[in-house]
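What follows is each chain in one-letter form.
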Amino acid sequence: MSKLFLIAGPCVVENEKTPFEIGRKVKGICDELGIDYIFKASFKKANRTKLNSFTGIEKEEAMAIIQAVGKELGVPTITDVHESYEPAIAAKYVDYLQIPAFLCRQTDLLLAAGETGKGVNIKKGQFMSPEAMKFSLEKVLSTGNKNVWLCERGFSFGYEGLVVDATAIARLKKHGVPVVMDCTHSVQQPNKADGVTGGNPEMIETMALSAIATGADGLFIETHPDPANALSDGQTMLPIEKLEGILRKVMKVRKALEG
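Residues numbered from 1 in each chain as written. Predicted model: local features only at pLDDT ≥ 70, side-chain atom pairs only at ≥ 80, totals over all residues. Heavy atoms only, no water.

Draft legend 1. Spatial organisation of the overall build of the chain. What the chain contains, in helices and strands, is 8 helices and 13 strands. Against the 2.2 N^0.38 benchmark of 18 Å for 259 residues, the chain shows a C-alpha radius of gyration of 17 Å, consistent with a compact globule. With respect to the principal axes defined by its C-alpha atoms, the chain has extents near 50 × 40 × 40 Å. Within the span of the chain, comprising 259 residues, buried residues form 52% of the whole. In the chain, of all internal contacts separated by at least 6 residues, the share reaching a separation of at least 24 is 69%. (Helix = DSSP H or I, 4+ residues; strand = E, 2+ residues; numbered from the N terminus. Rg over C-alpha atoms; globule rule 2.2 N^0.38 Å. Buried < 20%, exposed > 50% of the residue type's maximum accessible area, 1.4 Å probe, protein only. Contact = heavy atoms within 4.5 Å.)

Draft legend 2. Inspection of the pattern of salt bridges at higher detail. For the structure on display, the rule yields 13 salt bridges. Here arginine 171 makes a salt bridge to aspartate 165, at a shortest N to O gap of 3.0 Å. Judged by relative accessible area, which is 27%, aspartate 165 ranks as partly exposed. The closest approach of N and O atoms between arginine 248 and glutamate 244, which form a salt bridge, is 2.9 Å. Of the two residues, arginine 248 and glutamate 244 are both situated in helix H8 (residues 243-258); the distance of 4 residues between them amounts to about one turn of the helix. On the basis of relative accessible area, arginine 248 is assigned to the partly exposed category, the value being 34%. Note on glutamate 244: relative accessible area 26%, which makes it partly exposed. Here the salt bridges share partners, and the residues they tie into one network are Glu32, Glu244 and Arg248. (Salt bridge = Lys/Arg side-chain N within 4 Å of Asp/Glu carboxyl O.)

Draft legend 3. Quick look at the nonpolar core. Residues Leu6, Val26, Ile99, Ile122 and Leu219 are the most contacted members of the largest nonpolar core, which totals 62 residues. With 9 residues, the next largest nonpolar core counts Ile78, Trp149, Cys151 and Val180 among its residues. (Core = buried A, V, L, I, M, F, W, Y, C linked by side-chain atoms within 4.5 Å.)

Draft legend 4. Focus on the pairing of strand S4 (residues 96-99). Of the two faces of S4, the one lined by Tyr96 and Gln98 and the one lined by Leu97 and Ile99 are each fully buried. Where strand S3 (residues 77-80) lies against S4, 3 bridges are found, and the strand directions are parallel. Bridged to threonine 79 within S4 is leucine 97. Examined bridge by bridge, S4 and strand S5 (residues 119-123) share 4 bridges and lie parallel to one another. Pairing of glutamine 98 across the sheet is with asparagine 121, part of S5. In this fold, S4 hands off to helix H4 (residues 107-115), which returns the chain to S5; that crossover is right-handed. (Pairing = 2+ DSSP bridges. Right-handed = clockwise from strand over helix to strand, strands pointing away.)

Draft legend 5. Fine view of the packing of aromatic side chains. Enumeration according to the criterion identifies 2 aromatic pairs in this entry. By the ring-pair criterion, three or more aromatic residues cluster together here, those being Phe5, Tyr96 and Trp149. The ring of phenylalanine 220 has lysine 123 lying over it, and the distance from NZ or CZ to the ring centre is 4.1 Å. (Phe/Tyr/Trp six-rings, centres within 6.5 Å; stacked < 30°, edge-to-face > 60°. Lys NZ or Arg CZ within 6 Å of the ring centre and 35° of its normal.)

Draft legend 6. How the structure looks around the packing of helix H7 (residues 204-213) against H8. Look at H7 against H8: their axes get within 9 Å of each other, and the N-to-C directions meet at 15 degrees. Comparing their axes, H8 and H7 come out roughly parallel. Judged by the sense of rotation from one axis to the other, the crossing of H7 with H8 is right-handed. On H8, the residues that touch Ile204, Glu205, Ala208, Leu209, Ile212 and Ala213 of H7 are Ile246, Lys249, Val250, Val253, Arg254 and Leu257. Along the lines of polarity and charge, the residues of the contact of H7 with H8 split into 9 nonpolar, no polar and 3 charged. (Axes fitted to C-alpha atoms, helices over the stretch in contact; angles between N-to-C directions. Parallel < 35°, antiparallel > 145°, perpendicular 65-115°, else oblique. Left-handed = near helix turned anticlockwise from the far one by under 90°. Nonpolar A, V, L, I, M, F, W, Y, C, P; charged D, E, K, R; others polar.)

Draft legend 7. Local environment of helix H5 (residues 133-141). When H5 is considered as a whole, its buried residues turn out to be Met133, Ser136, Leu137 and Val140. The arc enclosing the buried residues of H5, seen along the axis, measures out at 100 degrees, which places them on a common side. The inward-facing, buried residues of H5 contact H4, S5, strand S6 (148-152) and helix H6 (168-173). (Arc of directions from axis to C-beta.)

Draft legend 8. Inspection of the layout of surface pockets at higher detail. Roughly 150 Å³ of internal volume is contained in the second largest pocket. What lines the second largest pocket is Pro201, Glu202, Glu205, Thr206, Gly234, Met237, Leu238, Pro239, Lys242 and Ile246. Looking at the lining of the second largest pocket, the elements that each hand over two or more residues are H7 and strand S13 (238-239). (1 Å grid on protein atoms, 1.4 Å probe; cavity = no way out; pocket = protein on both sides within 12 Å on 5 of 7 lines; lining within 4 Å. Points joined across faces, edges and corners; volume = space filled by probe spheres on them.)

Draft legend 9. Region of interest: the side chain of serine 42. Along the chain, the position of serine 42 falls in the loop between strand S2 (36-40) and helix H2 (59-73). Assessed through its relative accessible area of 0%, serine 42 is described here as buried. Reaching out from serine 42, the side chain makes a polar contact with the side chain of lysine 40 at a distance of 3.2 Å. Each residue touching serine 42, except ones within four places of it in the same chain, is listed here: Pro10, Cys11, Val12, Val13, Ile66, Thr79 and Asp80. (Polar contact = N/O pair within 3.5 Å; in protein donor to acceptor, adjacent residues only side chain to side chain.)

Structure below.
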């Protein structure tokens, strides 16, 4: 069994200090547990519900902060891209590009990400079957870029819910690329009437353990030292003090599977 990797960090770059604080803490945990760490932060949030929701600081300043965290910690970095012109810019700063679930069918975006030569993590849309992700994958592979992951994050259930199919990881793995479980956005409660996305971060541990048991190669967990005061997705991010306990259980499950 290959080494587990963790994509983790804040939802978005809020300021210069917080990404370093989170990155240092997560790196220490991963080093102790033998997990490969990839620092994640969005340089901008393009899919906020309300017009006045926080979307981020200046774009290139945010990307420079992500790059600096990676250099200080000696770890790869990843950020979201939303429009077809962004991959070429973001690729100057990060090692991996992430395609948001809402955009997983956007051909120009997928091709632009693939053409950078950077690793690409494609999140499965809430409206997509695991089998249909074949076509998103093929778009990136057509550029000659073979460093592609698929990421599970649940299925839409009614207007304000998501459910996770226990068979999804195994079905995605049939595409022959590494599969990541987004433990954070799979516990979201979107489309709230007040315009603020809700969530149930207490279930992140359940998502992580079930994903590892069904063969996930990596986990995606957004975490923050003070989620209640975070500027984006505070109701879904994991309090950082809970991360180590979850990852210790995850590694026990992996060890049992290896045995």
